[in-house]
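Descriptive structure summary
Spelled out, the chains give:
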Amino acid sequence: MSKYIVTHDVNSCIGCRACEVHCKEKNDSPPGANYCKIITVGPYERQGIPRFDFVYMSCFHCEKPWCVDACPTGAMQRREKDGIVFVDQGSCVGCKACIAACPWGVPQWNADTGKVSKCDLCKDRIDEGLRPACVSKCVTGCLEFTTPSEASESRRQHFAEQMLRVQG
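Now for a description of the structure that goes with this document. (Residues numbered from 1 in each chain as written. Predicted model: local features only at pLDDT ≥ 70, side-chain atom pairs only at ≥ 80, totals over all residues. Heavy atoms only, no water.)

Some points on the nonpolar core
Within the largest apolar cluster, 23 residues are counted, with the highest numbers of intra-cluster contacts made by Val6, Cys19, Tyr56, Leu121, Cys134 and Leu143. If you list the elements that add at least two residues to this core, you get α1 (18–27), β3 (49–57), α5 (133–136) and β8 (143–146). Residue contacts for leucine 143: discarding those within four places in its chain leaves Val6, Thr7, His8, Cys19, Tyr56, Cys134, Val135 and Cys138. Formed by nine residues, the second largest nonpolar core is a distinct cluster that contains Cys71, Ala75, Cys92 and Cys98. (Core = buried A, V, L, I, M, F, W, Y, C linked by side-chain atoms within 4.5 Å. Buried < 20%, exposed > 50% of the residue type's maximum accessible area, 1.4 Å probe, protein only. Helix = DSSP H or I, 4+ residues; strand = E, 2+ residues; numbered from the N terminus. Contact = heavy atoms within 4.5 Å.)

Right, here's the structure in full:
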């Protein structure tokens, strides 16, 4: 996993897909290619009430990425300084080995260029001290750009507060 993580609060997400729109706008990704995607889960019933949930899916920037290992040209790379996984477009030959290797279907095919592209956490924005486009334009604030240790601490704090509410 990279130095960074995008967390998603499912309970706050309304499925508006503003994250997808701003990601596509920032990255000029082709039709059908989504570097981040909101997956709709449902309908299902919770406490007798029909519901839908929305789950944010993007690249996990794995510690040992299958896509990087599968790439025969070295186009799929992991940045040394922060672990962000990205595609060097100049080295990609369009073999799609990374698409087959990724268990989450993250690399996206661009038929116009004949190459693969994917979420790079908006590394150019991060290098400028900004958050990824998907996070910066989230209308409910359900996406958070943070570090894995901060995400863990935040989740523990939230769980502790829930436990006290149940007991209280």
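Remarks on the packing of aromatic side chains
Within the structure shown, the criterion is met by three aromatic pairs. Linked through ring pairs, Phe60, Trp66 and Trp104 together constitute an aromatic cluster. The positively charged end of lysine 96 is found above the aromatic ring belonging to tryptophan 109, 4.1 Å away from the centroid. A cation over a ring is seen here: lysine 123 above phenylalanine 86, with NZ or CZ 4.7 Å from the ring centre. (Phe/Tyr/Trp six-rings, centres within 6.5 Å; stacked < 30°, edge-to-face > 60°. Lys NZ or Arg CZ within 6 Å of the ring centre and 35° of its normal.)

Brief notes about the layout of surface pockets
Considered as a void within the structure, the largest pocket measures approximately 690 Å³ in volume. If you go around the largest pocket, you meet 28 residues; those closest to its centre are Val6, Thr7, His8, Asp9 and Arg155. Breaking the lining of the largest pocket down by element, the ones donating at least two residues are β1 (5–8), β3, β8 and α6 (148–167). Of all the elements, α6 adds the most residues to the lining of the largest pocket, at seven residues. Of the residues that constitute the lining of the largest pocket, the class distribution is 14 nonpolar, eleven polar and three charged. Its boundaries defined by the atoms lining it, the second largest pocket holds a volume of some 300 Å³. (1 Å grid on protein atoms, 1.4 Å probe; cavity = no way out; pocket = protein on both sides within 12 Å on 5 of 7 lines; lining within 4 Å. Points joined across faces, edges and corners; volume = space filled by probe spheres on them. Nonpolar A, V, L, I, M, F, W, Y, C, P; charged D, E, K, R; others polar.)

As for unusual backbone geometry
Along the chain, glycine 42 connects to proline 43 via a cis peptide bond; the corresponding omega equals 10°. Its place among the elements puts proline 43 in strand β2 (residues 37–46). The phi angle at leucine 121 is positive, at roughly 55°, despite the residue not being glycine. Tracing the sequence through the fold places leucine 121 in the loop between β7 (115–117) and α4 (123–127). On the basis of relative accessible area, leucine 121 is assigned to the buried category, the value being 5%. The phi dihedral of cysteine 122 is positive, around 55°, even though this residue is not glycine. As for its position among the elements, cysteine 122 is in the loop between β7 and α4.

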